[in-house]
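# Coordinate inspection notes
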Amino acid sequence: MGTKWARARETARAKLASAGVASPDAEVRLLADFVFGAVPSATDVINDADLAAFERVVAEREARVPLQHIVGTMYFRYLELESLPGVFVVRPETELVAEAVIAEIENMNATPPGAGSRPIVVDLCTGSGAIAIAIATESAAEVTAVELSDVAFESASRNNAACGNKVRLVHGDALTALPELEGRVDVVVSNPPYVRDDEDISPEVAQDPQMALFGGGHEGLDMPVSIIDRARVLLRDGGILIMEHGDGQGAPLRDAANERGFVNVSTGQDLTGRDRWLRAQKGKA
């Protein structure tokens, strides 16, 4: 009579659960949808070709290949973006970082050179372009994004094109790029590498590029502090820095921002209540 989808999915769920996948039921559903083109009914009979394809993708996920790499897509706010090895997989908590930037833009009464001009936003270490594209599609800001990795820059370019090319992408070093915008930027946003060198990370996260993960120094703070330094140069007086960080890095990064003349320094929390991003305003020189 053939194998029914219900049996295939239950076998797959058991394999993913045994492998330590956190949400095996949800992921099996997504993998079935990916293979079948829709979520199949439990009573549907799975044909041989679909069964082989389903078993193949389940085996990849069982080996802890990121789900996003298997299906080739990832979702961020209202965006569907490509996802491929060599490019950082954006996480749900980062959506709140983009939301914080959009809120800052909405709260701005006027931006240089005068009322009515478009706010200037710069995204440093853009990776796939997720944050930058989300801001550009959800606000009236003029968004520029910087990425050093060749693979990530090419992916960001494709994602940007698919979303209407609303972001100006620059292939370069986040710590030196955009000299033409120094002192003119309204908001700098960044999700820089910030992982500690001894942090225990999941097998999926370990497949992200190391240059996008490890922040440098035992505490992982070298790159985040360097981003604070670069933001101070790029921002206009009163401009805002929003930077994602690890849940144990709030206090030292607030200290770093205060030491560099930022004011109104605070830490934003994610939906679980963990410290997730730095918010700091550039004070007048």
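Residues numbered from 1 in each chain as written. Predicted model: local features only at pLDDT ≥ 70, side-chain atom pairs only at ≥ 80, totals over all residues. Heavy atoms only, no water.

### Side note on the layout of surface pockets
By volume, the largest pocket is sized at about 1200 Å³. Surrounding the largest pocket, 49 residues form its lining, Val89, Arg91, Pro92, Glu93 and Val205 being those nearest its centre. Elements represented by at least two residues in the lining of the largest pocket include exactly α2 (24–36), α4 (67–71), β1 (73–76) and α8 (210–213). In terms of residue count, the dominant contributor to the lining of the largest pocket is α2 (five residues). Each residue belonging to the lining of the largest pocket can be placed in one class, and the counts come to 24 nonpolar, nine polar and 16 charged. The space that makes up the second largest pocket amounts to roughly 410 Å³. Lining of the second largest pocket is provided by 26 residues; of these, Cys125, Thr126, Gly127, Glu147 and Ala212 occupy positions nearest its centre. The class makeup of the residues in the lining of the second largest pocket is 16 nonpolar, seven polar and three charged. (1 Å grid on protein atoms, 1.4 Å probe; cavity = no way out; pocket = protein on both sides within 12 Å on 5 of 7 lines; lining within 4 Å. Points joined across faces, edges and corners; volume = space filled by probe spheres on them. Helix = DSSP H or I, 4+ residues; strand = E, 2+ residues; numbered from the N terminus. Nonpolar A, V, L, I, M, F, W, Y, C, P; charged D, E, K, R; others polar.)

### Concerning the sheet that holds strand β8 (residues 262–269)
Reading across the sheet, the seven strands line up as β5-β4-β3-β6-β7-β9-β8 and stay open at both edges, with mixed pairing between neighbours. Lying at the two open borders of the sheet, with one neighbouring strand each, are β5 (167–171) and β8. Averaged over neighbouring strand pairs, the angle between their axes works out to 15° when direction is ignored. Here strand β7 (residues 235–244) pairs with strand β9 (residues 275–282) via five bridges, running antiparallel. Paired with Ile242 across the bridge in β9 is Arg279. Packed on one face of the sheet, helix α9 (residues 222–234) meets β3 (120–124), β6 (185–190), β7, β8 and β9 and runs near 155° to β7. In this fold helix α10 (residues 250–259) packs onto β7, β8 and β9, with an angle of close to 165° to the strand it touches most, β8. (Pairing = 2+ DSSP bridges. Axes fitted to C-alpha atoms, helices over the stretch in contact; angles between N-to-C directions. Contact = heavy atoms within 4.5 Å.)

### Brief notes about the pattern of salt bridges
Opposite charge on two side chains permits them to pair, given that their charged atoms come into close proximity. Following the criterion strictly, the structure yields 21 salt bridges and no others. Residue Asp229 is joined to Arg260 by a salt bridge in which the shortest nitrogen-to-oxygen separation is 2.5 Å. Taken together, the residues Asp229 in helix α9 and Arg260 in the loop between α10 and β8 connect sequence positions 31 residues apart. Judged by its relative accessible area of 36%, Asp229 falls in the partly exposed class. For Glu259, the salt bridge identified is with Arg260, shortest N-O distance 3.7 Å. Via salt bridges that share partners, Glu27, Arg61, Arg64 and Glu204 belong to a single interconnected network. (Salt bridge = Lys/Arg side-chain N within 4 Å of Asp/Glu carboxyl O. Buried < 20%, exposed > 50% of the residue type's maximum accessible area, 1.4 Å probe, protein only.)

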